[in-house]
Amino acid sequence: MSSDISQAFAHPEERAEASAGADPRDRISLRDHIVEADIGAFQLERGHRQRLCFNIVVEVRRAPAPLEDDVDRILSYDRLTEAIAAELAAERVNLLETLAARVAERILAAPQAMRVFLRIEKLDRGPGALGVEIVRARAAMPLRAPPDGDEAAALHPVVAFLSNAAISAPDLAARLDALLACGMPVILAVGAPEMPAPQSDQRPTQRRIELLAIEQNAWVLAARDRRCVVVASRTEIDWAMRHRQMVVWAPSKLVLDAVDGPKVQDGVALALWLAETLSAARLELHGAVSAPAGSRVPLRLVAL
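Residues numbered from 1 in each chain as written. Predicted model: local features only at pLDDT ≥ 70, side-chain atom pairs only at ≥ 80, totals over all residues. Heavy atoms only, no water.

**A short note on the overall build of the chain**
The condition is simple: Put simply, DSSP H or I for four residues or longer makes a helix, DSSP E for two residues or longer makes a strand, and each gets a number counted from the N terminus. A simple rule labels every residue: compare its accessible area, found with a 1.4 Å probe on the protein chains alone, to the largest value its type can have, and call it buried under 20%, exposed over 50%, or partly exposed in between. Contact between two residues is taken to exist if any of their heavy atoms lie within 4.5 Å; hydrogens are not considered. Accessibility throughout is a Shrake-Rupley quantity obtained with a 1.4 Å probe, and a residue counts as covered only by protein chains that appear here.
Tallying secondary structure elements over the chain gives eleven helices and ten strands in all. The proportion of buried residues among the 304 residues of the chain is 43%. Long-range contacts, defined here as pairs at least 24 residues apart, represent 63% of the contacts in the chain between residues at least 6 apart. Summed over all atoms, the accessible surface of the chain reaches about 16300 Å², with 54% contributed by carbon and sulfur.

**Comments concerning the packing of helix 3 (residues 78-90) against helix 4 (residues 96-108)**
For clarity, the threshold we go by: To get an axis, fit a line to the C-alpha atoms, keeping to the stretch in contact for a helix; angles then go from 0 to 180 degrees between the N-to-C directions. Angle categories: roughly parallel below 35 degrees, roughly antiparallel above 145, roughly perpendicular from 65 to 115, and oblique for all the rest. It is the rotation of the near helix from the far one that decides the hand of a crossing: anticlockwise by less than a right angle makes it left-handed, clockwise makes it right-handed. Note that Gly is not counted as nonpolar here; it falls among the polar residues with everything else outside the nonpolar set of Ala, Val, Leu, Ile, Met, Phe, Trp, Tyr, Cys and Pro and the charged set of Asp, Glu, Lys and Arg.
Taken N-terminus to C-terminus, the directions of helix 3 and helix 4 make an angle of 135°; their axes are 9 Å apart at the nearest point. For the element pair helix 3 / helix 4, the angle class is oblique. Seen along the crossing, helix 3 lies across helix 4 with a hand that is right-handed. Packed against helix 3, whose contacting residues are Arg 79, Leu 80, Ala 83, Ile 84, Ala 86, Glu 87 and Leu 88, the element helix 4 presents Leu 99, Arg 102, Val 103, Arg 106 and Ile 107 at the interface. Across the contact of helix 3 with helix 4, the residue classes break down as eight nonpolar, no polar and four charged.

**Structural notes on the pairing of strand 6 (residues 186-190)**
For clarity, the cut-off: DSSP-based pairing: two strands are paired if at least 2 bridges between them are found.
When you tally the buried positions in strand 6, you get five out of five residues, the bulk of the element. Across the two faces of strand 6 the burial is the same, with Val 186, Leu 188 and Val 190 and Ile 187 and Ala 189 all buried. With five bridges connecting them, strand 5 (residues 158-162) and strand 6 associate as parallel partners. Looking at the pairing, Phe 161 lines up with Ala 189 of strand 6.

**A closer look at the confidence of the model for the chain**
Reading predicted coordinates in detail is not appropriate for stretches of low pLDDT. Applicable threshold: Per residue, pLDDT captures the predictor's confidence, and it can take any value from 0 to 100.
Overall, the prediction assigns the chain a mean pLDDT of 83, with 84% of residues at 70 or greater. Here residues 143-153 is a poorly scored stretch, pLDDT under 50, and it has ten contacts once near neighbours within four places are set aside; other chains count.

**Remarks on the side chain of Ser 252**
What counts is decided by this rule: Whenever two N or O atoms come within 3.5 Å, that pair is a polar contact, provided that in protein one can donate a hydrogen and the other can accept it, and provided that, for residues adjacent in sequence, both atoms are side-chain atoms.
By the secondary structure assignment, Ser 252 is in helix 10 (residues 252-257). On the basis of relative accessibility, which here comes to 12%, the residue Ser 252 falls in the buried class. A distance of 2.7 Å separates the side chain of Ser 252 from the side chain of Glu 215, its partner in a polar contact. Apart from the residues lying within four places of it in its own chain, the contact partners of Ser 252 are Leu 211, Leu 212 and Glu 215.

Written out as structure tokens, the structure is:
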């Protein structure tokens, strides 16, 4: 087999490497990701789901600062699988070429993505795999504006602050059920536990101590209901919102990373800051807590 033919049938990872310049970019990849979809131009394909195999390689720009093992600084692998799922859910298409172009475009909407190598194969249309492969670069592709009703317009969560009394209340599960029934992603926030936090005469150290105390309380809530998954990064929060899941916010990372983050460590004030940062649909306050003044999001007080 000639080198040209060998490269033509090589994995997108090898294609990306072969076309790299003298200073190649970093790459992330998704191999042999199989999903089922109703796709195809022939009448016999309509109404019948068939297996599609995706192989994707994305060249990414290098992080301008040290990664510091921080998921918010990289292109998450979830963006690749979510791009596939979103385009398959958007509408039925006839051609793999159409689907490939739309998935690539959605991936290139991520600021880190520079070039996409994408192969899609139909696994059930013959004795072999029938497929297409495309390469798309950010510089050559104008990006679509998100249509009305797309995920960018839908990600307005409910932020719910739970007082210590609400965390320990016997109706916690029913309260969480009611929150999930709203149909929107739910982000739970808590305050510090009743016990006093250690004291330090250094303000930055004391700030971290108080934030960590709140995070301890987040884990207390997580231990009471398995649906309460503790998350710290914006990437985790965004993933949970896209999947309409309920999470508990551990505030240290976002607060300390924010250039203009809140200076107070009061749990309600932090919950309000998060709700405003995420353009939340509303902030719910569960328990005997005072409503913060000057809120830019709707407030709802929920008694025990």
